[in-house]
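Observations on the model geometry
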Amino acid sequence: MSQPNNSVNRRTFLKSSALAGGGLLLSFTFLSAFKKGELPADLEAEDQWYEITGYIKITPDNKIKILNPNPEFGQNVMTSLPMIVAEELEVDWTKIIVEMGPHDNVKLGPQFTGGSNSVRMYWKPLREAGAAARQMLLLGAAQTWNLPVEELTAKAGMIYHEKSGKSGTYGEFASKAAAIAIPKGMKLKEAKNFKLVRNSQKNVEGQKIVSGKPLFGIDYKQEGMLIAMIEHPPAFGMKLKSFDATEALKMPGITDVFRQTLYEAGMEQGGFDTRTFNELLVVVGKTTWEVMNARKKLKVNWEPAGETKDIINGRTGKKEVVVPGKLETTSEQRKLMQEYANRPAQQLRKDGDPEAAFKNAAQIIERTYNAPFLAHNCMEPMNFFAHVEADKALLVGPLQAPAWTEPLLSKVLGLPADKIEIQMTRMGGGFGRRAYGHYLAEAALISKKVKAPVKLIYTREDDMTYGIYRPMYTATYRAALDANKNLIGFHVKGGGIPEHAIHANRFPAGAVDNYLAEAWEIPSNITIGAFRAPRSNFNAAAEQSFLDELAEAMGKDPIDFRLELLKRAKENPVGKNNEYDADRYAGVLQLVKEKSGWNKEENKKYSRGVAAYFCHNSYAAHVIDFINKEGKPTVERVFSAVDCGIVVNPDAASNMVEGAVIDGIGNALYGALTHKEGAAEQNNFHRYKMIRMNETPRQIDVHFVQNDIDPTGLGEPPFPPVFGAVANALYRATGKRYYDQPYGPQLNSAKRAF
Amino acid sequence: MISLTINNKTYNLDVDPATPLLWVLRDHLDLVGTKYGCGMAQCGACTVHLNGEAVRSCVTRVSQAAGKKVVTIEGLSETNEHPLQKAWLELDVAQCGYCQTGQIMSAAALLRKNSNPTDKDIDAAMAGNICRCGTYLRIREAIHLAADMGKK
C-alpha cells in the first residue's frame, strides 16, 4: 500500500485520463510515448486494461477485473457487489480480480456505505453494467469474426460461435468492446437463472485479513509521512483557550505543535459535516508513540465555549443551529427529559380519535423506556492520511461517504473538487461513525499546515470521548383497552437529546383505529449521528417491549398478538403513509415461530423473548433464549428470520445477521456512554463494556425468507429487534420488566422468578 | 540499540526502550498486521507471541522483548497456512477483519497449550479479544475446526 514519493505519478495520470473521457484503454497513449526500457519500473509490467463500463476492466490476455464501487466496512460489499456484476457478465468467479474502485461518482455511482443501501442501490446498476459489458464483448467478437451477434454466446469469460466452432476469450475482444458505446436497456436475467448470486462465495479479502496484510487506513504509509494527533477539550462545551508547548516540543521526534481552526466562522456545513470541536490543538511528530508521549507534556488552558452557532445546509434545507454551551451531566439530562415528556409536543401522526379512546378506556397501560448515548467504538479508531500540496490533495483512509466529504475538503482547503483525490481503504468497522468526514478535514488542514504527508490518528480515548454518538432517547407508550381487553387506542410520545427516535408511520401505526404519535427534542452540544439503524435501534427496544407487555395484559401470545395487528393492517389499514408491508412483516414472525419451535414443550426450559421490526425496507424477527447459569440469565440460543428480498451472498449474509444479533445483545446489556460536566465518563474498554466471546450465544440460527424481491437492506434491519427480544426474554427469566438500557447492570442479583 | 528477534529475523533498533512493542512493529518495522485497538490491554487486537505466550504488544515495552522470540501474525506460518488461518477462511469468519489477526494469535497460543479445547476453554482464552462486528460464534467454530485439522 505504501507508495514511494518519487515514482511517476501514475494515479494522477490515470485520474486525468479517466476525466478526459471515453471507455478506452486508460494508459495506452501514455505507455506508447515511452520506448521499451524507458518506463519507470512500476509501469513496465503494467497490464493493458481495457475499460468496459466503469466497473469492468479486461486485459488482452483475459485478466478480468471488477471494481467494487462502495466502501467496505465489514458488510462484505467487496465480494457481494462484484458478484452481482459477474452474474450478468458471465465469467468464472474464481478467476475474477476484485479491486476497490477509486472515488468517481460519475463512473461508479453514489459510493455511499450506510443506510443498508449498498446492495439495494447497486443491484440494478451493477446488473446493467454486467449485462452491457457482456453485450459489448459479444459485439466486439461479432466485428472481429464478421458474424451476426445473435449467433454468438458468452459463457465463463469466453465467446462461442456454435455453428463454426469458433471461440475466443473475452480478452481477445476487449479492445474492440471498449470502443463500443455502452448499450442501454439490456434484458437482465430472471432470478431463477442466477448461477452466482444466491450461492455463497468467500470474502475476496479473506486471505489478506488472516495474514495481516496492510488493508486498513491506519496501516497506510508513505515515505516522509508524519503522525499527527489532536488534543481535544476535556468536555463537550469547552474550547481551547491557550497552550504552552515548550516541553512537548522538546520531546523526541516532535516536529510541530500548533492551533488549527477547523471550520472558519460562518462556513456552511453539509448535513454530515458534524464535528465535535472546532479549535484543534495539533501535535505532529515522527512516530505514533512519540506523539502520544508529547501530548502528555502539553500545558493547556481550556475555557467554556459558550453558546455557538452552526449553519447547516442538509437534507431538510438550510438552517442556523444554536449549540448550547452548558456542560451536561447525565443525571440532569434525565431530569430534563422527564420535564419535556410532560410538556405538549409536536404531533407527528394522528388517526381516529385517540383522546376519546383513552377517555373511554377500561384500562390504560403506560410505560416509559429510556436509553443512553452509545459510542460506535469501531475497532479501528478514526484516522486518515492526507497529503495536501499547493494545487492538489490526496487523502487515503477509512470513510463511508466520499461524495459527501469531498465538498467539505474543497471548502476547507480552497481547492476545486477535481484536485482532491480520496482513496477508500477497508474500514475496521463503521456503524455510521465514518459517514462523518470531519476527520478528513482535520487531517487535510494539518498536512497543509506542516507541508508534508500526515496520518492523523485518534487514540481509543479520543475516539470514545469525542464521538458522533447514538442520541439519548426516551419514549412513553400508552395503550387503551376496552372492557373486553381489545386495543382501542395507541399513543407514543418520544423525545431525545438532541433528536427523537419516533417513526410515526411504522407498525403498529396502521393497525389501531385511534393512534397518536408525538415527539420533542432537547438541543445539546454533545455531537450525535447515525449509529447502526438510527432511531430504529431504540424504537425496536421500546415498542417491542411494550407490545410484549400489552400482549400479556390482553392474555395473548406475543407472536399471535402481533400477527393479529398485522392482519388488521393488511385487510383494513388505518390512516395513510404506512411504511411497512404487513405480509412481509407477518412473514418473518411466522418463520421465526416455526424455526424456533415457539410454544413447543421441549423449549419450555428456556426463557424466550420475541421481537420483530421493519426498517431499511427489510423485516427481521428474533427469538432469543436465555437460561440461568450460576444464578444469572445467560443467552443460550437465538433464532432469526429475515426478509431482505434476494440474498446475494447467503453465508456472508448470515454472518452479518449473527453479528447484528451479538452487537444487539451487547449493546442491550452493556452499551452506555454517560457524561459528567460535559466529559464522557467512559474513555476506553475498561469502562465501556463490550460483549465478549464468553457472553456469546452457543447458537444463532439464521433463516431468510425465500422470495424474488429485489434486495432490500441487511446490515441494519436485524439489529434493532434484538434489543426488544432481549428485554422480553429477560422478563421471562427474572419476572421483571426492563425499561432502561442497558439491562445488564440490573441483572446482578436476578433470580428466576418462575 | 535493542536487538529483537521477530519472526525468526533479527533487528537492531535505536528506539526508546519504553516504546510499546506494538508501535515498534507498526511504525518502525512495517509489520502492521498487529493492530492498535485500545493501548491498555483491553481489546486484544495487538496480540503477539513472546516466547510462545500470547501478550498484548500495546503494553509490552520493547525492552521486555529484547532477547526473546517474538512472533507476529506475519510470522505465524511462512505460507499463511496455519490451521487457524485455514479454518478462518473455511468458515469465512471475518466481517471488517480488523480484530482477526489478534484473535488468531490468541487462538494459536491456546491451541499450542490445549490441542482439543472445549467451548469453555475457548471462551476463557478468547475473552480478552473484542470483535466489534460480533463474529465470535464463527471464531469459536474456527478454533474447533483448526483443532480438528491438527488431529489429522
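What you are looking at is a predicted structure, and each value in this text was computed from that prediction instead of being measured.

Cut-offs and rules
- Per chain, residue numbering runs from 1 following the sequence as it is written.
- Each chain gets a letter, beginning with A, and each ligand a number, beginning with 1, in the order they are written.
- Only residues with pLDDT of at least 70 are given local features in this predicted model, and only at 80 or more are side-chain atom pairs given and counted; all residues enter the totals for whole chains, interfaces and linings.
- Only DSSP runs of H or I with at least four residues qualify as helices, and only runs of E with at least two residues qualify as strands; both kinds are numbered from the N terminus onward.
- Three exposure classes are used, all based on how many other C-beta atoms lie within 10 Å of a residue's own C-beta (placed from the backbone): buried at 20 or more, exposed at 12 or fewer, and partly exposed between those limits.
- Distance between backbone-placed C-beta atoms decides contact: two residues are in contact if it is within 7 Å.
- Between the two quantities, the radius of gyration covers C-alpha atoms and the globule rule is 2.2 Å times the number of residues to the power 0.38.
- A pair of strands counts as paired when DSSP detects no fewer than two bridges linking them.
- Helix axes are fitted only over the stretch in contact, all axes being lines through C-alpha atoms; the angle between N-to-C directions runs from 0 to 180 degrees.
- Residue ranges assigned to the domains are those given by an automatic or database domain assignment.
- Amino acids outside the nonpolar list (Ala, Val, Leu, Ile, Met, Phe, Trp, Tyr, Cys, Pro) and the charged list (Asp, Glu, Lys, Arg) are all regarded as polar, and Gly is one of them.
- For the purposes of this analysis, a nonpolar core is taken to be any set of buried Ala, Val, Leu, Ile, Met, Phe, Trp, Tyr and Cys residues that are connected through C-beta atoms within 7 Å.
- Each residue after the first adds 1.5 Å to the expected span of a helix.
- Confidence scores per residue from the predictor, reported as pLDDT, run from 0 to 100.
- Oblique is the label for any angle not under 35 degrees, not over 145, and not in the 65 to 115 range, which are roughly parallel, roughly antiparallel and roughly perpendicular in turn.

A short note on the overall build of chain B
Across its full length, chain B holds six helices and five strands. Along the chain direction, N to C, the helices and strands of chain B fall in the order β-β-α-β-β-α-β-α-α-α-α. Its C-alpha atoms give chain B principal-axis dimensions of roughly 45 × 30 × 25 Å. Every one of the 152 residues in chain B was classed for burial, and the buried ones make up 59%. Within chain B, contacts between residues at least 6 apart in sequence are counted, and of these 61% link residues at least 24 apart.

Side note on the overall build of chain A
Each helix and strand counted, chain A has 20 helices and 30 strands in total. Expected size for 754 residues packed as a compact globule is a radius of gyration near 27 Å; at 28 Å, chain A falls within 12% of this value. Looking at chain A as a whole, 52% of its 754 residues qualify as buried.

Re the sheet that holds strand S2 (residues 56-58) of chain A
Residue and element names in this part refer to chain A. Read across the open sheet, the four strands follow the order S1-S2-S3-S4; overall the sheet is mixed. Two strands in the sheet have a free side with no partner beyond their single neighbour: strand S1 (50-51) and strand S4 (96-100). Strand direction decides the pairing type here: strand S3 (residues 64-68) and S4, joined by five bridges, are parallel. The partner of Ile64 across the bridge, within S4, is Ile96. Packed on one face of the sheet, helix H4 (residues 77-89) meets S2, S3 and S4 and runs near 130° to S3.

Focus: the domain arrangement of chain A
Residues and elements named next belong to chain A. In terms of domain boundaries, chain A breaks down into domain 1 (47-197), domain 2 (221-310 + 376-465) and domain 3 (541-747). Each of domain 1 and domain 2 was reduced to a C-alpha centroid, and the two centroids are 39 Å apart. Facing the 13 residues of domain 1 at the interface are 15 residues of domain 2. For the side of domain 1 that touches domain 2, the class distribution of residues is six nonpolar, six polar and one charged.

Details of the nonpolar core
Note that soluble globular proteins tend to have their nonpolar side chains buried in a common cluster. Counting residues in hydrophobic clusters, the biggest one holds 271 residues, and the most contacted among them are A:Leu395, A:Ala443, A:Ala444, A:Val588 and A:Val726. Sequence-distant contacts of A:Val726, that is, excluding residues within four places in its chain, are made with A:Gly609, A:Ile624, A:Ile665, A:Ala668, A:Leu669 and A:Tyr743.

Here's the deal with the domain arrangement of chain B
When the parts of a complex come together, some accessible area is lost, and that lost area is often taken as the interface size. All names here are of chain B. Here chain B is described as being made up of domain 1 (2-75) and domain 2 (83-151). Relative placement of domain 1 and domain 2: their C-alpha centres are 21 Å apart. Counting from both sides, the interface comprises 15 residues of domain 1 and, opposite them, twelve residues of domain 2. In terms of residue count, strand S3 (residues 47-50) provides more of the side of domain 1 that touches domain 2 than any other element does, three residues in total. For the side of domain 1 that touches domain 2, a count of residues per class yields six nonpolar, seven polar and two charged.

Considering the interface of chain A and chain B
Contacts between the two partners involve 47 residues from chain A, matched on the other side by 47 residues from chain B. Taken together, the elements giving at least two residues each to the side of chain A that touches chain B come down to helix H8 (206-210), helix H10 (288-295) and helix H19 (650-669) of chain A. With seven residues, H19(A) is the single largest residue contributor to the side of chain A that touches chain B. Of the residues that constitute the side of chain A that touches chain B, the class distribution is 18 nonpolar, 18 polar and eleven charged.

Re helix H13 (residues 402-413) of chain A
Residues and elements named next belong to chain A. End to end, H13 covers 16 Å across twelve residues, agreeing with the expected 16 Å (1.5 Å per residue, within 8%). Taken residue by residue, H13 has Pro402, Trp404, Thr405, Glu406, Leu408, Leu409, Val412 and Leu413 as its buried positions. Lining the buried residues of H13 we find strand S11 (268-270), strand S18 (383-388), strand S19 (393-397), strand S20 (420-424) and helix H14 (438-450). Just downstream of H13, Gly414 is the residue with a positive phi angle, here 65°.

Concerning the confidence of the model for chain B
Here chain B averages 97 in pLDDT, and 99% of its residues register 70 or above. The ipTM value of the predicted complex is 0.99, and its pTM value is 0.94.

Some thoughts on the confidence of the model for chain A
The predicted model of chain A averages 93 in pLDDT, with 93% of residues at 70 or higher. Between residues 750-754 of chain A, whose pLDDT stays under 50, and residues either more than four places distant or in other chains, the model counts ten contacts.

Side note on the sheet that holds strand S17 (residues 363-371) of chain A
Residue and element names in this part refer to chain A. Strand order in the open sheet formed by five strands is S16-S24-S23-S22-S17, with mixed pairing between adjacent strands. Bordering the open sheet on either side are strand S16 (346-351) and S17, each of which pairs with just one other strand. Ignoring strand direction, the axes of neighbouring strands in this sheet form an average angle of 10°. Of the strand pairs in this sheet, S17 and strand S22 (residues 472-481) are connected by nine bridges, and their pairing is antiparallel. Opposite Thr368, over in S22, you have Thr476 as the bridge partner.

Quick notes on H4(A)
All names here are of chain A. For H4, which comprises 13 residues, the first-to-last C-alpha distance of 18 Å matches the rise-based estimate of 18 Å (1.5 Å per residue) to within 8%. Within the sequence span of H4, burial applies to Val77, Thr79, Ser80, Leu81, Pro82, Met83, Ile84, Val85, Ala86, Glu87, Glu88 and Leu89. Looking at the buried positions of H4, the neighbouring elements they touch are S2, S3, S4, helix H6 (118-145) and H19. Taken from the residues just after H4, Glu90 is the one with a positive phi, measuring 65°.

Thoughts on unusual backbone geometry
All names here are of chain A. In this structure, the amide linkage connecting Ile497 to the following residue, Pro498, adopts the cis form with an omega of -5°. A cis amide bond, omega 10°, links Phe507 with the succeeding residue Pro508. Along the polypeptide, Pro508 turns up in the loop between strand S23 (487-497) and strand S24 (514-521). Phi is positive for Lys451, which is not a glycine, with a value near 50°. A tally of 11 C-beta atoms within 10 Å means that Lys451 is categorised as exposed. Phi at Asn617 is positive, roughly 65°, even though this residue is not glycine. By the element assignment, Asn617 lies in the loop between strand S25 (607-615) and strand S26 (618-629).

So, the environment of A:Gln333
All names here are of chain A. Following the sequence through the fold, Gln333 ends up in helix H11 (residues 330-341). Gln333 sits 282 residues away from Glu51 along the chain, and the two C-alpha atoms are 56 Å apart. Residues within four places of Gln333 in sequence aside, it is in contact with Glu328, Met472 and Ile497.

Things to note about the environment of A:His376
Residues and elements named next belong to chain A. If you trace the backbone, His376 turns up in the loop between S17 and S18. When the 23 C-beta atoms within 10 Å are taken as the criterion, His376 is described as buried. Considering only alpha carbons, one finds His376 and Gly429, 53 residues apart in sequence, at a separation of 8.9 Å. Setting aside anything within four residues of it in sequence, one finds His376 in contact with Phe431, Gly432, Arg433, Gly467 and Phe531.

Concerning the packing of helix H16 (residues 536-553) of chain A against helix H17 (residues 558-571) of chain A
All names here are of chain A. Orientation of H16 relative to H17, taken along the N-to-C sense of each, is 100°, at an axis distance of 9 Å. If you check the angle between H16 and H17, you find them roughly perpendicular. On the side of H16, the interface is formed by Leu547, Asp548 and Ala551, while H17 contributes Pro558, Phe561 and Arg562. Taken together, the residues that form the contact of H16 with H17 break down as four nonpolar, no polar and two charged.

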